[in-house]
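Read off the chains here:
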Amino acid sequence: MKLRALFILLFLAHATYAQTSSMGSSVTLPEIALIDIEPNNSTITLSIDAPTEAGLINTTKQLASAKWINYTSALPVGQTRSIYAQLSYGTVPSGTNLMISAGSASGGQGTYGSGAGSLNVNSSPKLFISAIGSCYTGNGSGNGHAVGYKLEVTNIANLDFNASTNVGIMFTLIDD
Amino acid sequence: MRVINIFFVFLALACGSSLAQTIQVTGSNWNPVISSASVTEAGLDYTSGASVQSSSSQSTISLAPGGGFLGYYFGAWRVDVRKVNTNWDNRLKIYARRTSNGSGFFGGIQNGTSYQEIQNVDQSFFDGSGYRNNITIQYSISGFSVLIPVDTYSTTVMYTLIDL
């Protein structure tokens, strides 16, 4: 009888067990480097106004926020990118400089780059925006960095009143 | 009387260790690589809600509750799920869902058919009774952002079978 009771207890005994098994997973996030000119890459015109007073001359023509640079940058920890600017075609008229500058970025999130100040753009690539981390600037005009353009007379003697030329400016986003 | 005693001996043995509790997860690891083309426009992040999904049978779970013969066929159980991170960013979310009932002779299976986020602590995933083979599991990962440093993020999904 005692033996049967023991078996019954064994039968009724309820123990909570736990066994574990597993599966591994990883996800790889890629590097991303995208740059865009907004609202479009149409031509802008810088024309130095004729003076209205004898003996004077206008020496600059400026367009602020004529274009906007948007970018998306995804990077590993500790790495940065920069944007360089250079003339991709054409020649700035004799006696003038074409200056460009980048404003502070806004509109998105992350580690934006910093504008390198006003620079004289020519056929050599020059640092335009530096220290870009992982970020996105937002899309369209009003997002990212406003680009200012200024045509300035540097040597009046070399000016040709009828000089008109098209130049292309190329912005390149590259890893540091 | 002797016959009855023998019956109880067999019953006790059947309820003992001869049919131990088991859970086995099979299938390959899931290691998606997100395409850089997922971001289509400069200035934008990944689309909100962007995700990748594994095959609908990325993992297959076979389990049997403890409790011997009766437990094997009728024992109630629950499967909990959690993750153990190797290198993980909390902005990334991994989800799992059950995509089939598997097979078993008696018993059944409930819950777990909707994606649920896998946390760092055990959470109830699905439950049922009796042994069950080839329960298929699908995974999804979301939460991508260019603000998350470029890297490979790894975790291990742990399933725990609990006899109820």
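For every chain, the first residue of the written sequence is number 1, and numbering continues from 1 onward in sequence order. By the order in which they are written, chains take letters starting at A while ligands take numbers starting at 1. In keeping with the model being predicted, local features are shown solely for residues with a pLDDT of at least 70 and side-chain atom pairs are shown and tallied solely at 80 or more, while totals for entire chains, interfaces and linings include all residues. Side-chain measures here rest on the full set of heavy atoms in the structure, leaving out hydrogens and waters.

A. Structural context of the overall build of chain A. Secondary structure elements are taken from DSSP: a helix is a run of H or I of four residues or more, a strand is a run of E of two residues or more, and numbering for both begins at the N terminus. A tally of regular secondary structure across chain A gives one helix and twelve strands. In chain A, the succession of α and β elements from N to C terminus is α-β-β-β-β-β-β-β-β-β-β-β-β. Per-residue accessibility, obtained with a 1.4 Å probe over protein chains only, is compared with the maximum for each type, and a residue is labelled buried under 20%, exposed over 50%, and partly exposed between these values. Burial analysis of chain A (176 residues in total) assigns 36% to the buried set. Of the contacts made within chain A by residues no fewer than 6 positions apart, 79% connect residues no fewer than 24 positions apart. Accessible area of chain A: about 9,400 Å², with a carbon and sulfur share of 51%. Throughout, a residue-residue contact means that at least one pair of heavy atoms, one from each residue, lies within 4.5 Å. Per-residue accessibility takes into account occlusion by the displayed protein chains alone, with areas from the Shrake-Rupley method and a 1.4 Å probe.

B. Layout of the pairing of strand 10 (residues 152-163) of chain B. Counting buried residues along strand 10 of chain B, nine of its twelve residues qualify, which places the element largely inside the surrounding structure. A pair of strands is treated as paired once DSSP finds two or more bridges between them. Examined bridge by bridge, strand 1 (residues 18-28) of chain A and strand 10 of chain B share eleven bridges and lie antiparallel to one another. For Thr 28 of chain A, the partnering residue across the bridge sits in strand 10 of chain B and is Thr 152 of chain B. In this structure, strand 4 (residues 76-87) of chain B lies alongside strand 10 of chain B, joined through ten bridges in antiparallel fashion. Paired with Asn 85 of chain B across the strands is Thr 155 of chain B, a residue of strand 10 of chain B.

C. Here's a closer look at the interface of chain A and chain B. Taken residue by residue, the interface counts 44 residues in chain A and 58 residues in chain B. Values labelled buried area give the accessible surface lost by two parts on being combined, using a 1.4 Å probe and summing over both. Counting the surface lost from both chain A and chain B, the interface buries some 4,200 Å², and carbon and sulfur atoms represent 64% of this. A side-chain nitrogen of Lys or Arg and a carboxyl oxygen of Asp or Glu constitute a salt bridge if their distance falls within 4 Å. Linking chain A with chain B are zero salt bridges, by the criterion used here. Polar contacts, as counted here, are pairs of nitrogen or oxygen atoms within 3.5 Å of one another; within protein the pair requires one atom able to donate a hydrogen and one able to accept it, and residues that are adjacent in sequence qualify only if both atoms are side-chain atoms. The interface formed by chain A and chain B holds 22 residue pairs in polar contact (both at pLDDT 80 or more) in total. Elements that contribute at least two residues to the side of chain A that touches chain B include exactly helix 1 (2-12), strand 1, strand 2 (32-38), strand 3 (60-74), strand 6 (109-110) and strand 10 (135-136) of chain A. Among the elements that line the side of chain A that touches chain B, the one with the most residues is strand 1 of chain A, at eleven residues. Note on residue categories: nonpolar means Ala, Val, Leu, Ile, Met, Phe, Trp, Tyr, Cys or Pro, charged means Asp, Glu, Lys or Arg, and polar means any other residue, Gly included. Grouping the constituent residues of the side of chain A that touches chain B by class yields 21 nonpolar, 19 polar and four charged.

D. Region of interest: the side chain of Gln 116 of chain B. Residues and elements named next belong to chain B. Structurally, Gln 116 is set in strand 7 (residues 116-117). Looking at Gln 116, its side chain comes within polar contact range of the main-chain oxygen of Ser 124, at 3.2 Å. If we ignore the near neighbours within four places in the chain, the residues touching Gln 116 are Val 81, Ile 94, Tyr 95, Ala 96, Gln 123, Ser 124 and Phe 125.

E. Up close: the sheet that holds strand 7 (residues 114-115) of chain A. Residues and elements named next belong to chain A. Here we have four strands laid out as an open sheet, ordered 7-9-4-12, and antiparallel in their pairing. Across the chains shown, the open sheet's two edge strands, defined by having one partner strand only, are strand 7 and strand 12 (168-175). Pairing of strand 4 (residues 81-89) with strand 9 (residues 126-132), which is carried by four bridges, proceeds in the antiparallel orientation. Its bridge partner being in strand 9, Tyr 84 is matched across the sheet by Leu 127.

F. The arrangement of the environment of Val 39 of chain B in detail. Among the structural elements, Val 39 of chain B can be located in the loop between strand 1 (22-26) and strand 2 (51-53). In this structure Val 39 of chain B comes out as buried when scored by relative accessible area, which is 4%. In contact with Val 39 of chain B, other than residues within four places in its own chain, are Ile 32, Leu 34 and Thr 72 of chain A together with Leu 44, Asp 45, Tyr 46 and Val 146 of chain B.

G. Local environment of the side chain of Ser 54 of chain B. Residue and element names in this part refer to chain B. Counting through the fold element by element, Ser 54 comes out in the loop between strand 2 and strand 3 (59-64). For Ser 54, a relative accessible area of 7% translates into the label buried. Apart from residues no more than four positions distant in its own chain, Ser 54 is found in contact with Trp 30, Gln 138 and Tyr 139.

H. Here's a closer look at the layout of surface pockets. All names here are of chain A. Definitions used for this entry: grid spacing 1 Å over protein atoms alone; cavity, a set of points where a 1.4 Å probe fits but cannot get out; pocket, an open set with protein on both sides within 12 Å along at least 5 of 7 lines; lining residue, one with an atom within 4 Å of a point. Grid points are joined across faces, edges and corners, and a volume is the space filled by probe spheres set on the points. Considering only enclosed or pocket space, the largest pocket measures out at about 1,000 Å³ in volume. Along the wall of the largest pocket there are 38 residues; nearest its centre are Ile 44, Thr 45, Leu 46, Thr 165 and Val 167. Secondary structure elements with two or more residues in the lining of the largest pocket: strand 4, strand 5 (96-102), strand 11 (145-153) and strand 12. For the lining of the largest pocket, the class distribution of residues is 20 nonpolar, 15 polar and three charged.

I. Just unusual backbone geometry, in detail. Residue and element names in this part refer to chain A. Each neighbour pair has its own omega, and for Glu 38 with Pro 39 the value is 5 degrees, a cis peptide bond. Positive phi, normally seen in glycine, also occurs at Ser 65, with a value near 55 degrees. Of the residues examined, Ser 65 reaches a relative accessible area of 36% and is grouped as partly exposed.

Everything listed is a geometric property; what it means functionally is a separate question.
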